[in-house]
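Residue-level listing of the chains:
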Amino acid sequence: MNSAQRIAVFLDALAAELDASQNTLMGYARDLNDFSEWTDRKASGLLDAGQSDIEQYLIGLEAAGLARSTRARRLSAIRQFFRFAFDEGWRQDNPAIRIKGPAKEKRLPKTLTETEVDAILAAARTSGREADRTRNTCLLELLYATGMRVTELVSLPLSAARGNPQMLLVKGKGGKERMVPLSPPARTALAEWLKALDEQNEADRVKTGAQASPFLFPSRSKDGYLTRHRFYMLIKELAVAAGVSPGKVTPHTLRHAFATHLLSRGADLRAIQVLLGHADVATTEIYTHVLEDRLKELVLDHHPMAND
């Protein structure tokens, strides 16, 4: 097998054994193909790369100005590939096992204020055509009410939304399922969108005989549902309509806003971990800056020595 074929075998195993998502598989493919091309230029080849080759590759990435997170992700892909190569007997050793990756940067997530979120939700209710307003309001209300990842949101099955649910079953990373509660505004928006969607599906059935899509947010994309890119552009458009800088608004910042606003109002960090679908609470701990701000505010407001 050549390098491309070995990468393909590794990705197939990753998909079968870990139920890795399509986005994860595409990311691993890009990272491993980049490393494979680099080893080909060095005349060693992917499977014959040694520890020093991997270290030189990482040094080159740093010199090229790639972010720490990107370099850490590339090393993770390389490590898993060579672990697989060792297990399969393609190699007698794992050249990546002793390599330490770059330390992760501790950056506070970008988020939005409650006022900014309210303005974007209001823009969703008033901007564009009536059919678009109903759908967009449902998208935004669900996202802010649950903190779902954008892929989890746009790929929701229609069946999950039937019956006026108080909670939604969400399929997250690695196929892991979790339940997320819906706020009253989100349930109202969902009911209105379902009514509009059912009416449209019935009209299409009568007119063309078309079968209804199994997705809550159908589209003509190859996957059959609204694409992440389209939703990304949509949320930028709504930010402009709301008078909020589009540079600070993405689907992920609304996810951060969900977590930040919950925590600032007294929610438990462990509960937020479950709602966000984080496998490790350490991932959720990035939001503890909110707790620090709240504790500082409590001291300044109530400590007898804090008076001016």
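Residues numbered from 1 in each chain as written. Predicted model: local features only at pLDDT ≥ 70, side-chain atom pairs only at ≥ 80, totals over all residues. Heavy atoms only, no water.

A. Focus on the overall build of the protein chain. Secondary structure summary: the protein chain contains 13 helices and two strands in total. For the protein chain, contacts bridging at least 24 residues in sequence account for 57% of all contacts bridging at least 6. (Helix = DSSP H or I, 4+ residues; strand = E, 2+ residues; numbered from the N terminus. Contact = heavy atoms within 4.5 Å.)

B. Structural context of the packing of helix H6 (residues 130-146) against helix H9 (residues 228-242). It is the contact of H6 with H9, at a shortest axis distance of 12 Å, that shows an interaxial angle of 95°. One way to sum up the angle between H6 and H9 is to call them roughly perpendicular. Two secondary-structure elements touch here, H6 through Arg135, Asn136, Leu139, Leu140 and Leu143 and H9 through Phe231, Leu234, Ile235 and Leu238. (Axes fitted to C-alpha atoms, helices over the stretch in contact; angles between N-to-C directions. Parallel < 35°, antiparallel > 145°, perpendicular 65-115°, else oblique.)

C. Geometry of helix H5 (residues 114-126). For H5, built from 13 residues, the straight-helix expectation of 18 Å at 1.5 Å per residue is met to within 8% by its first-to-last C-alpha distance of 19 Å. Within the span of H5, buried status applies to Glu116, Val117, Ile120, Leu121, Ala123 and Ala124. Buried residues of H5, viewed axially, fall in a sector of 155°; they line one side. Exposed and oriented more than 90 degrees from the buried face of H5 are Thr115 and Thr126. Those residues of H5 that are buried are in contact with H6, H9 and helix H10 (251-264). Gly128 sits one or two residues past H5 and shows a positive phi near 85°. (Expected span 1.5 Å × (residues − 1). Buried < 20%, exposed > 50% of the residue type's maximum accessible area, 1.4 Å probe, protein only. Arc of directions from axis to C-beta.)

D. How the structure looks around the packing of aromatic side chains. This model, assessed by the stated rule, comprises 12 aromatic pairs. Between Phe215 and Tyr225 the ring centres are 4.9 Å apart and the planes differ by 70°, which places this aromatic pair in the edge-to-face class. Separated by 10 residues along the polypeptide, Phe215 in the loop between helix H8 (184-208) and H9 and Tyr225 in the loop between H8 and H9 bring together distant segments of the chain. Taken individually, Phe215 and Tyr225 each receive the classification buried, so the pair is uniform in this respect. (Phe/Tyr/Trp six-rings, centres within 6.5 Å; stacked < 30°, edge-to-face > 60°.)

E. Structural context of the nonpolar core. Core analysis: the biggest nonpolar cluster contains 42 residues, and Leu140, Leu142, Leu153, Leu216, Phe217 and Phe231 have the highest contact counts within it. Listing elements by their share of this core, those giving two or more residues are H5, H6, helix H7 (150-154), strand S1 (167-171), H8, H9 and H10. Aside from chain neighbours lying at most four places away, what touches Phe231 is Leu139, Leu140, Leu143, Val150, Leu153, Val154, Leu226 and Pro251. Counting 29 residues, the second largest nonpolar core, distinct from the first, contains Leu11, Ala13, Tyr28 and Ala77. (Core = buried A, V, L, I, M, F, W, Y, C linked by side-chain atoms within 4.5 Å.)

F. Region of interest: H8. Taking 1.5 Å per residue, 25 residues should reach 36 Å; H8 reaches 36 Å between its end C-alpha atoms and fits that length. Of all the residues in H8, the buried ones are Ala186, Ala189, Leu190, Trp193, Leu194, Leu197 and Asn201. Where H8 is buried, its residues meet H6. Looking one or two residues beyond H8, the residue adopting positive phi is Gly209, at roughly 80°.

G. Here's a closer look at the confidence of the model for the protein chain. When pLDDT is averaged across the protein chain, the result is 87; 89% of the residues are at 70 or more. Mean pLDDT per element in the protein chain: helix H13 (residues 288-302) is the minimum at 61, and H5 is the maximum at 95. (pLDDT = per-residue confidence, 0-100.)

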